[in-house]
Amino acid sequence: MSNNYREIYLAGGCFWGTEHYFKKIKGVLETEVGYANSVVDNPNYDKVCEGVTMAAETVYVKYDSALISLEELLNMYFISIDPTSLNRQGHDVGLQYRTGIYYVDENDISIINKVLLEQQKNYDKDIVVEVKELKNFYQAEDYHQDYLDKNPEGYCHLPFELFEFAKQFKR
C-alpha cells in the first residue's frame, strides 16, 4: 500500500447508500460493505438484522490522503448522516443502522475527535456517533456490494442529490 493510502471504516445507516456516496468522492480508491465489530464470527445479514451480532452495517473506505484528508472525509461523512439519531438513519431503525467511525490507526483518533468537536457546534442535540477501534470487519454478502450500481433505482435512505454533491468534492 502506498504511503498515502489510508483506511477508515464508516457506519452511516444502510450501507448501500453510504458506500455509493463514498465511491463518488475524489480520492476514495476502494469501498466494501460489511459488518463491523461483531461479537459473532462471520455474521450474515439475517443475524445482523436480528441484533444478536452487535455488528454495524459499515463501509470500508480506502483513500489517498494526498487527494483527500481524513478530516475532509469525515466532514463529508457528517453531511451524509444525522449524527444525533441513535440506531436510526432515515427509515432504517435498529442497532445495525447506528452511526460509527471505526479506526485502525490510533493516530486517527485526534483527527476524529477534532472533527466531532467541530461538528457538535452545528447541532443542539448531542452527537451519538460511535467512535471505536475496529475489532473486526466481515464482508457482506455479494448482493450487497455495489448495490446501487447494480440497482440504480434501489432503496436508499440518502437523497440521490447527495451523490452528485459527493462527485463535486474539491479540496
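Everything discussed here concerns the structure shown above.
About the criteria used
Residues numbered from 1 in each chain as written. Predicted model: local features only at pLDDT ≥ 70, side-chain atom pairs only at ≥ 80, totals over all residues. Heavy atoms only, no water. Helix = DSSP H or I, 4+ residues; strand = E, 2+ residues; numbered from the N terminus. Buried < 20%, exposed > 50% of the residue type's maximum accessible area, 1.4 Å probe, protein only. Pairing = 2+ DSSP bridges. Axes fitted to C-alpha atoms, helices over the stretch in contact; angles between N-to-C directions. Phe/Tyr/Trp six-rings, centres within 6.5 Å; stacked < 30°, edge-to-face > 60°. Core = buried A, V, L, I, M, F, W, Y, C linked by side-chain atoms within 4.5 Å. Contact = heavy atoms within 4.5 Å.

Draft legend 1. Inspection of unusual backbone geometry at higher detail. The backbone of Asn37 shows a phi angle near 55 degrees, a positive value even though the residue is not glycine. Secondary-structure assignment places Asn37 in the loop between strand 2 (28–36) and helix 2 (45–50). A relative accessible area of 12% means that Asn37 is categorised as buried. Phi is positive for Asp146, close to 50 degrees, though the residue is something other than glycine. Within the secondary structure, Asp146 is located in the loop between strand 8 (137–139) and helix 5 (147–150). Assessed through its relative accessible area of 29%, Asp146 is described here as partly exposed.

Draft legend 2. Geometry of the sheet that holds strand 1 (residues 5–12). Taken in spatial order, the six strands of this open sheet run 7-6-1-3-2-8, and their pairing is mixed. One side of each edge strand has no neighbouring strand; the edge strands of this open sheet are strand 7 (130–133) and strand 8. The average undirected angle you get between the axes of adjacent strands in this sheet is 35 degrees. The sheet contact formed by strand 2 and strand 3 (residues 56–64) spans eight bridges and is antiparallel. Within strand 3, the residue paired with Val28 across the bridge is Tyr63.

Draft legend 3. Region of the structure containing the packing of aromatic side chains. For the coordinates displayed, the defined rule picks out eight aromatic pairs. Ring centres 5.1 Å apart and planes at 50 degrees place the aromatic pair Tyr9 and Tyr60 in the tilted group. Of this pair, Tyr9 sits in strand 1 while Tyr60 sits in strand 3, and the two are 51 residues apart along the sequence. Here Tyr9 and Tyr60 have matching classes, each one buried. Pairing Tyr21 with Phe22 gives two aromatic rings, centres 5.1 Å apart and planes at 80 degrees, and the pair type is edge-to-face. Neither Tyr21 nor Phe22 differs from the other in exposure class; each is buried. Taken together through their ring pairs, the aromatic side chains of Tyr21, Phe22, Tyr77 and Phe78 make up a single cluster.

Draft legend 4. Structural detail: the nonpolar core. With 41 residues, the main nonpolar core has Ile8, Tyr21, Ile25 and Val61 as its most contacted residues. Sorting elements by how many residues they give to this core places helix 3 (residues 70–79) first, with six residues. With near-sequence residues (within four places) excluded, Val61 lies in contact with Arg6, Glu7, Ile8, Leu10, Phe22, Val28, Glu30 and Leu73. Ala11, Ala36, Tyr102 and Phe137 belong to the second largest nonpolar core, which has eight residues in total.

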